[in-house]
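# Observations on the model geometry
Chain by chain, the residues:
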Amino acid sequence: MKSRFPHLEVPLLVFFILLAFSANSQTNENPFSLKGRVMDVDAGIPVPFMQVALFVPGNETPESYSKTNDQGEFFLDAKAGTYTLRFYLIGYSQKEINNLKISGNLDLGKVEVEVENQDLQEVIVTTSKLPFRADIEGITINPEQNLSNIGGSLLDILRNTPSISVSEDGTVSLRGSSGTNILINGRNSSLTQNLDQLPASAIEQIKIINNPNARFDAEAEGGVIDIILKRGQDLGSNGGVEFTYGTRGRMNTGARFNHRTLTYNVYGGYNLRRWRDAGERSSVREIFGDNEILSQNTSSRSENLGHTFNYGGDYYFGRNIISYEGVFSTSMDSQVNTLFSELNDKSSGNLLLDYVRRNNETESDDGLDNAIIYERTFDDPNRQLRFTASNSFRNQFKTQNIDIFRNTLDPNPENRNGQERAFTDEKRYISVFQLDYIHPINEKSKFETGLKSNLRKFDNDYRYSRLVETTQTFEEDPTISNTFLYQDQIHAGYFIYAKTAKKFDYSVGLRGEYTVVDTYLKNTDETNKQDYFNLFPSFQTLYKFNEKHSLKATYSRRIDRPTAWRLNPFPDITDSLNVRRGNPNLKPEMIHSVEFGHMANLEKSSFTTNLFYRQVSGQLDFITIIEDGISISQPDNLNTAESYGAEFIGLGEIAPWWTLSGGLTMFRIKVDGSNIGEEFVNSGFAWNTKITSDFKLPLDINLQFVGNYESAEIEAQGRDLSQYYIDASIQKAFLKNKGNFSVSLRDIFDTRRFAGNSLTNSFSQSFYAKRETRILIMSARYSF
């Protein structure tokens, strides 16, 4: 199994280097120089940052060590003798040169290394350019390889990721499923609640795991999205700065630094993000029984100012590593939404009601994430022990001041005849304790086992009041104000057995999870307690035809528990005729997920094709009902849902100056909500594609176009309509690729918008939403 961080590849090297220093065994003999250049045998490009160490045969303490520079070059000093030269870097097979005789200065010339051999845990498709790479579990995204991510947020990265869709409200869907388990550095974190507040420049990688094995939480229908933040692993002092500025005064700036020695590594990063936005939304709703048509238009303006600090360190001693990882984020969001509403009689066209609601909203958002990690290595590099203890806290405080202008569509101050206000104080706590152990049985087989406890608490205090005209004071409405408390505990254990052979690898796993859920609704004194135990088997297999082609098959049973905000019954009162609320009576989904795929790694291209099937019992979906002329949207458990489809991901070098990469996902969804009503049965076909075209121009200039298309997709009561857009970016490198300047134009043709419609036996509704998506961004970056 591959480690997340490069330093885990050479813990023994670090230990023996320390012993070498303490032994002080150097002699006064003048050393000779040894040099060479490390090249990727398949891509034909230099391999930077590879660790190089020189050993006396039979002695595991290195005589000399170094790492390759940007051009793949290394330089070592050694006295005369016979040595073994070893090369280490994550993602590459360890290379060894034996019986290396040094009797004078020696130039090895080109040293070729290979990408790691294909086995069940480490099948990687790769080319000379890697915006992403695919393996048996899913894909790994390298955000900096996509120029359209410059100056953006985590959501922008996900929008440009194959198989992923992002909705109008920021909900992330994977292969048509919005049930995803989002992690930060492999851990559950409350910081994942607002993904648009994590700047793209702070993210090292994103791992998309479509069908996780028993090592991962069984949570989430669609799979796992693991966000790896930048931390710095190179020896010596390294860092970088970045500044981005765009239209409407959008800005993102940041800096990072790390210093690593043989005994410790410290790192830190800071990002300031100011993002301004504007948009319009319109909707039309007809209630058949009332013969009424409601037309609404909303204009909105918003600004978010956020600070993100990423910091930590590692201490290496013997075969042990102790690490600390921390993230602190704070932001202030302000927005003004003005809603214009008209209610008309359908037959006569007469105006029945009109009004304006202006919502001035501010929200402070503070989050803190801390983790302590202990890792132990052994003589066998495949044997590993890891313990993690983490705690995450988040506090959001929202203030809503709503001005009401009844019987008019002119929101001038003199027409105001009503006021409402609401305060929401929301706190989230997540604590995680996890122990993982990998033990090789022999060279061909191993087992993994582990324990995990995930403790979560969600506390939402909501206060709503109206202005009393006669007294000019605000009085709280006890029928709406409330306190909602959600707590759960998930205790898990797992076991995985894996075996590898020349042609065939497989692993089987079993995970058990015991869940305790406790919710409390204060104003009704309602409690909802649940506890249940579930087993989640998983299976992965890989058949290798040769070095270029392989087949994979995976299966897992999963669960998607309702999140706290879906259970929270507090209504959103921004629009009094369209209310959104949670449902405290929701039950978890149970999922069976199957995947079969083919991976091809050719000389100048790589392709992955997947067929997948997912069956869900108790499908969670939002439905809309009409009560007293008010549209209420809330989640509910439907009978079942099924989805199946195909996914194609590829990247290839068309010419030395032109590279194409992207993905195509096609799937059919069938939703059965007949337990609620016959109109909640729906089915349909959907597809999406993302294509990136890179052009390498003279003078170290890169030009990139990114195209996105998402077809219409069905919901329980209707469908979201299709959307498409194209981004363009150009980048000029300078100072030997240490610096660059970029210009990016997002949504060139201003076509990106969200639209959809719903139809039931009692009403029909359509909506259209357009935000400012054509944005010009300029960015400068320098690394050292």
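I will try to describe carefully the structure that is included in this document. (Residues numbered from 1 in each chain as written. Predicted model: local features only at pLDDT ≥ 70, side-chain atom pairs only at ≥ 80, totals over all residues. Heavy atoms only, no water.)

### Brief notes about the nonpolar core
- Of all hydrophobic cores here, the largest spans 24 residues; its most connected members are Leu154, Leu158, Ile164, Ile206, Ile208 and Ile225.
- Contributing elements (two or more residues each) for this core: β9 (138-141), α2 (154-159), β10 (164-166), β11 (172-174), β12 (180-184), β13 (203-209) and β14 (223-229).
- Broken down by element, the residue count for this core peaks at four residues, all from α2.
- Among residues more than four places away in sequence, those in contact with Ile206 are Ile139, Thr140, Ile141, Leu154, Ile157, Leu158, Ile225 and Asp226.
- Counting 19 residues, the second-largest nonpolar core is a separate cluster that includes Leu34, Val52, Tyr92 and Leu100. (Core = buried A, V, L, I, M, F, W, Y, C linked by side-chain atoms within 4.5 Å. Buried < 20%, exposed > 50% of the residue type's maximum accessible area, 1.4 Å probe, protein only. Helix = DSSP H or I, 4+ residues; strand = E, 2+ residues; numbered from the N terminus. Contact = heavy atoms within 4.5 Å.)

### As for the sheet that holds strand β32 (residues 620-627)
- Across the sheet, three strands lie side by side as β29-β33-β32; this open sheet has mixed pairing. Either end of the sheet is taken by a strand with one partner, and the two such strands are β29 (578-580) and β32. Recorded for the sheet is a direction-independent mean angle of 30° between the axes of neighbouring strands.
- Pairing geometry for β29 and strand β33 (residues 630-637), over three bridges, is parallel. From the neighbouring strand, Arg580 faces β33, where its bridge partner is Ser633. (Pairing = 2+ DSSP bridges. Axes fitted to C-alpha atoms, helices over the stretch in contact; angles between N-to-C directions.)

### Brief notes about the side chain of Thr692
- Mapped onto the elements of the fold, Thr692 is located in strand β36 (residues 681-697).
- By relative accessible area, which is 8% here, Thr692 ends up buried.
- The residues touching Thr692, leaving out its near neighbours within four places in the chain, are Asn146, Thr659, Leu660, Ser661, Gln704, Phe705 and Val706.

### Describing the pairing of β32
- In the sheet, β32 pairs with β33 via eight bridges, with the strands oriented antiparallel. From the neighbouring strand, Ile625 faces β33, where its bridge partner is Ile632.
- What sits between β32 and β33 in their antiparallel hairpin is a turn of two residues, with Asp628 showing a positive phi close to 55°.

### Considerations on the pattern of salt bridges
- Under the definition given, this model contains 30 salt bridges.
- The residue Glu112 makes a salt bridge to Lys110 at a minimum N-O spacing of 3.6 Å.
- Classification of Lys110 as exposed rests on a relative accessible area of 56%.
- In this structure, the salt-bridge partner of Asp477 is Arg466, at a minimum N-O distance of 2.8 Å. Taken together, the residues span a long stretch of sequence, with Asp477 in the loop between β24 (473-476) and β25 (482-499) and Arg466 in strand β23 (residues 445-468) at a distance of eleven residues. (Salt bridge = Lys/Arg side-chain N within 4 Å of Asp/Glu carboxyl O.)

### Here's the deal with a nonpolar patch on the surface
- Taken together, the side chains of Val241, Phe257, Phe734, Leu735, Phe741, Met778, Tyr782 and Phe784 define a hydrophobic patch exposed on the protein surface, amounting to about 730 Å² of accessible area.
- Topologically, Leu735 is positioned in the loop between β40 (723-734) and β41 (739-746). (Patch = residues over 30% accessible without salt bridge, like charges linked within 9 Å, V, L, I, M, F, W, Y side chains within 5 Å. Areas by Shrake-Rupley, 256 points an atom, 1.4 Å probe, with all protein chains shown as cover.)

### Things to note about the sheet that holds strand β4 (residues 73-78)
- Read across the sheet, three strands follow the order β4-β1-β7 without closing on themselves; strand pairing throughout is mixed. Looking at which strands have only one partner, the edges of the open sheet turn out to be β4 and β7 (106-113). With direction set aside, neighbouring strand axes in the sheet form an average angle of 25°.
- In this structure, strand β1 (residues 32-40) lies alongside β4, joined through six bridges in antiparallel fashion. Considered in β4, the bridge of Phe32 is made with Ala78.

### Some details on the environment of Val508
- Mapped onto the elements of the fold, Val508 is located in strand β26 (residues 504-521).
- Look at Val508 and you get partly exposed, because its relative accessible area is 36%.
- Between the alpha carbons of Val508 and Leu451 there is a distance of 17 Å; along the sequence they are 57 residues apart.
- In this structure Val508 touches Phe495, Ile496, Tyr497, Ser538 and Phe539, once residues within four positions along its chain are discounted.

### So, the packing of aromatic side chains
- Enumeration according to the criterion identifies 19 aromatic pairs in this entry.
- Judged by centre distance (6.3 Å) and plane angle (55°), the rings of Tyr497 and Tyr506 are tilted.
- With relative accessibility at 23%, the residue Tyr497 sits in the partly exposed group.
- Here the aromatic cluster, defined as three or more aromatic residues joined through ring pairs, consists of Trp657, Trp658, Phe695 and Phe705.
- Sitting above the plane of the Phe55 ring, Arg86 keeps its charged end 4.5 Å from the centroid. (Phe/Tyr/Trp six-rings, centres within 6.5 Å; stacked < 30°, edge-to-face > 60°. Lys NZ or Arg CZ within 6 Å of the ring centre and 35° of its normal.)

### A word on unusual backbone geometry
- A positive phi angle, close to 55°, is found at Asn99, a residue other than glycine.
- Along the chain, the position of Asn99 falls in strand β6 (residues 95-102).
- Judged by its relative accessible area of 60%, Asn99 is exposed.
- Here the phi dihedral of Leu699 falls at roughly 65°; this positive angle occurs in a residue that is not glycine.
- Among the secondary structure elements, Leu699 is positioned in the loop between β36 and β37 (701-710).

### Topic: a negative patch on the surface
- On the surface, Asp42, Glu114, Glu547 and Glu603 cluster together into a patch of negative charge.
- Checked against the element boundaries, Asp42 lands in the loop between β1 and β2 (51-55). (Lys, Arg positive; Asp, Glu negative; His and termini not counted. Charge placed at Lys NZ, Arg CZ, Asp CG, Glu CD.)

### Focus: the environment of Asp70
- You can see Asp70 is positioned in the loop between β3 (62-67) and β4.
- Along the backbone, Asp70 and Asn271 are 201 residues apart, and their C-alpha atoms lie at a distance of 26 Å.
- Beyond its immediate stretch of four places on either side in the chain, Asp70 contacts Pro46, Pro48 and Phe49.

### Observations regarding the side chain of Ser606
- Inspection of the secondary structure assignment puts Ser606 in strand β31 (residues 605-617).
- In this structure Ser606 comes out as buried when scored by relative accessible area, which is 2%.
- Polar contacts involving the side chain of Ser606 include one to the side chain of Asn601, which spans 3.2 Å. (Polar contact = N/O pair within 3.5 Å; in protein donor to acceptor, adjacent residues only side chain to side chain.)

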